[in-house]
Amino acid sequence: MRCYLHAYLLCTVFTFFSLLYVYSQLASTLEDRDERSGGGRISGSSSHDAGHALRKRPGLLGLRDREWGQNSEKLSSATKEPKNDRSHLAVVACGARLEETLTMLKSAVLFSRKPVHFHIFAEDDLHDGFRNALEMWPVAVRTTFTFTIYPIAFPEENAIEWKKLFKPCASQRLFLPLILKQEESLLYVDTDIIFLRPVEDIWGLLSQFNASQLAAMAPEHEEPRIGWYNRFARHPYYGKTGVNSGVMLMNMTRIREKFFKSDMTAVTLQWGEILMPLLQKYKLNITWGDQDLLNIIFHHNPESLYVFPCQWNYRPDHCIYGSNCQQAEEEGVFILHGNRGVYHNDKQPAFRAVYEAIKQYSFGEDMESSLLQPLEAALQAATHSYCGLSSHLFTKRLRESVRLVQPEDIGSQANIIPVPDAVD
């Protein structure tokens with residue numbers, strides 16, 4: 001009898017300690033999960049606090065976080081195709097940028113044969129201007145796009161500093177992955193962009209991303225001898241000459257999931273956690289604002305960037321000292337970027353001629369006679385400048401884009417996929 005009692009007591013003790021072990025493991029798992037959720041929480045007003053907390057974590061916990069981040073990347077390693085044929089284009093407009101932005105949007109709908117949704121971030125006093133102008137476009141044109149207008153929104157902490165960084169509101173683009181959480185992918189462009197090729201063509205580059213790439217930009221310069229970053233930058237930058245953020249294609253799902261390396265801490269940080277610490281570290285050394293911050297991020301994470309050719313972001317730098325964009329020489333310019341204010345002054349008349357031709361063109365008119373011919377005449381008058389000598393590259397692809405949409409009126413093209421009326 002005593003032997004049975006002894007065995008019973010041993011079984012009871014063993015069961016008790018087994019249950020205690022299981023409970024402790026469960027509690028530890030839940031604690032780790034809560035800590036990871038807190039570390040990865042994206043909040044505009046607390047990104048600095050979250051990043052600070054991550055940097056103070058012990059090495060072992062930091063290692064677990066890095067492993068968790070790597071596993072998350074593996075889960076989303078397959079390139080996500082867009083849910084439908086619609087492209088998503090974002091732009092940020094502040095100050096006197098209404099007309100310039102509308103001209104950019106006009107170029108987007110003129111040549112695209114698939115629907116597009118515009119995400120327009122603008123100061124409050126510009127909202128009515130955008131809404132009224134877009135709703136006045138012909139009904140047939142409005143069936144090819146939808147739009148949403150958003151207010152300018154920065155993290156409450158240091159909001160004024162973010163808004164005034166480089167150009168008014170330009171750094172808004174950094175927060176698009178955190179604001180447009182429902183979007184998987186996005187094409188961001190500056191207001192001074194003119195599309196000479198359908199939007200869906202650059203949107204299609206998303207399918208060329210490999211398993212680690214989450215954004216795409218063009219080099220800042222093709223020729224290092226005239227490059228800015230490699231000669232003057234006081235901070236890290238991508239590659240040999242840096243990248244230009246005026247045209248930026250993003251897989252936003254991957255951006256939100258990625259844990260980024262940096263030179264601030266050995267612990268990897270998510271997008272919402274890394275921006276404020278970077279600004280605080282480099283704000284006295286950056287010249288081009290948010291573009292510099294992007295260069296710093298991709299300097300430390302080069303495997304995350306897809307670099308597309310200069311013809312997708314053709315700027316005066318590619319012709320002001322002689323033509324140096326070989327891809328444009330071969331295939332023409334796909335997207336024209338009129339930085340340096342060249343659409344509104346006489347410094348680069350070839351760039352201004354393209355902008356004016358798109359702005360003055362009336363929907364429904366014959367593109368050959370009302371767009372191409374006036375543009376080519378204006379470009380002939382601009383051959384006294386280096387960019388003017390390269391202006392045939394501006395119409396090389398444009399002529400093909402016109403040919404694809406010209407057979408029928410823009411609103412009744414057989415291949416255009418109609419979408420619901422504009423919304424905001």
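Remember, it's a predicted structure, so these values are computed and weren't measured experimentally.

1. Some details on the pattern of salt bridges
Point 1. Taken as a whole, this structure holds 18 salt bridges when the rule is applied.
Point 2. One salt bridge in this structure joins E99 and K359, with 3.8 Å as the shortest N-O distance. With E99 in helix 4 (residues 98-111) and K359 in helix 15 (residues 349-360), the pair connects residues that are 260 residues apart, well separated along the chain.
Point 3. Here E99 falls in the partly exposed class, since its relative accessible area comes to 48%.

2. Section: the confidence of the model for the protein
Point 1. Scored by pLDDT, the protein has a mean of 82; 76% of the residues are at 70 or more.
Point 2. Predicted confidence is poor over residues 25-82, with pLDDT under 50, and the contacts of this stretch with residues over four places away or in other chains come to 65 contacts.

3. Structural notes on the state of the cysteines
Point 1. Inspection of the entire model under this criterion finds 3 disulfides.
Point 2. Each sulfur of the disulfide joining C94 and C169 lies 2.0 Å from the other. Across the S-S bond of C94 and C169 the torsion is about -90 degrees, and the bridge reads as left-handed. Placement of the pair is C94 in the loop between strand 1 (87-93) and helix 4 and C169 in the loop between helix 7 (159-163) and helix 8 (176-179), with a sequence separation of 75 residues. The burial state of C94 is the same as that of C169; both residues are buried.
Point 3. Bridging C319 to C387, the disulfide has an S-S length of 2.0 Å.

4. Observations concerning the packing of aromatic side chains
Ring pairs (aromatic) are described by centroid distance and by the angle formed between their planes.
Point 1. Applying the stated criterion across every chain, the model contains 18 aromatic pairs.
Point 2. Measuring from ring centre to ring centre gives 5.4 Å for F118 and F145, while their planes differ by 35 degrees; the resulting arrangement is tilted. Of the two residues, F118 sits in strand 2 (residues 116-122) while F145 sits in strand 3 (residues 145-151), which places them 27 residues apart along the sequence.
Point 3. By relative accessible area, F118 is classed as buried at 0%.
Point 4. For F145, a relative accessible area of 0% puts it in the buried group.
Point 5. Measuring from ring centre to ring centre gives 5.7 Å for Y314 and F394, while their planes differ by 75 degrees; the resulting arrangement is edge-to-face. Of this pair, Y314 sits in the loop between strand 8 (305-307) and helix 14 (326-331) while F394 sits in helix 18 (residues 392-405), and the two are 80 residues apart along the sequence.
Point 6. In this structure Y314 comes out as buried when scored by relative accessible area, which is 0%.

5. Regarding the pairing of strand 3
Point 1. Among the 7 residues that make up strand 3, 6 are buried, leaving the element largely enclosed by the rest of the structure.
Point 2. Sheet analysis places strand 2 next to strand 3, joined by 7 bridges and oriented parallel. Note on strand 3: the bridge partner recorded for F121 is Y150.

6. Focus: the sheet that holds strand 8
Point 1. The 7 strands lie next to each other as 3-2-1-4-7-6-8, forming an open sheet whose pairing is mixed. Every other strand in the sheet has two partners, leaving strand 3 and strand 8 as the edge strands with one partner each. For this sheet, the mean inter-axis angle between neighbouring strands, taken without regard to orientation, is 25 degrees.
Point 2. Sheet topology places strand 1 next to strand 4 (residues 185-189); 2 bridges connect them, and they run parallel. Its bridge partner being in strand 4, A90 is matched across the sheet by Y188.
Point 3. The strands touched by helix 4 within the sheet are strand 1, strand 2, strand 3 and strand 4, with strand 1 carrying the most contacts at an inclination of about 170 degrees.
Point 4. Across the sheet, helix 5 (residues 127-136) is in contact with strand 1, strand 2 and strand 3; its angle to strand 3 comes to roughly 170 degrees.

7. With respect to the pairing of strand 1
Point 1. Counting buried positions over the 7 residues of strand 1 gives 7, a clear majority of the element.
Point 2. Side chains S87, L89, V91 and A93 project from strand 1 onto one buried face, and the interleaved H88, A90 and V92 project onto a second face that is buried too.
Point 3. Taken together, the 7 bridges between strand 1 and strand 2 define a ladder with parallel strand orientation. If you follow A93 over to strand 2, its bridge partner there is A122.
Point 4. With respect to chirality, the unit in which strand 1 leads through helix 4 into the neighbouring parallel strand 2 is right-handed.

Definitions and cut-offs
Residues numbered from 1 in each chain as written. Predicted model: local features only at pLDDT ≥ 70, side-chain atom pairs only at ≥ 80, totals over all residues. Heavy atoms only, no water. Salt bridge = Lys/Arg side-chain N within 4 Å of Asp/Glu carboxyl O. Helix = DSSP H or I, 4+ residues; strand = E, 2+ residues; numbered from the N terminus. Buried < 20%, exposed > 50% of the residue type's maximum accessible area, 1.4 Å probe, protein only. pLDDT = per-residue confidence, 0-100. Contact = heavy atoms within 4.5 Å. Disulfide = S-S within 2.5 Å. Phe/Tyr/Trp six-rings, centres within 6.5 Å; stacked < 30°, edge-to-face > 60°. Pairing = 2+ DSSP bridges. Axes fitted to C-alpha atoms, helices over the stretch in contact; angles between N-to-C directions. Right-handed = clockwise from strand over helix to strand, strands pointing away.

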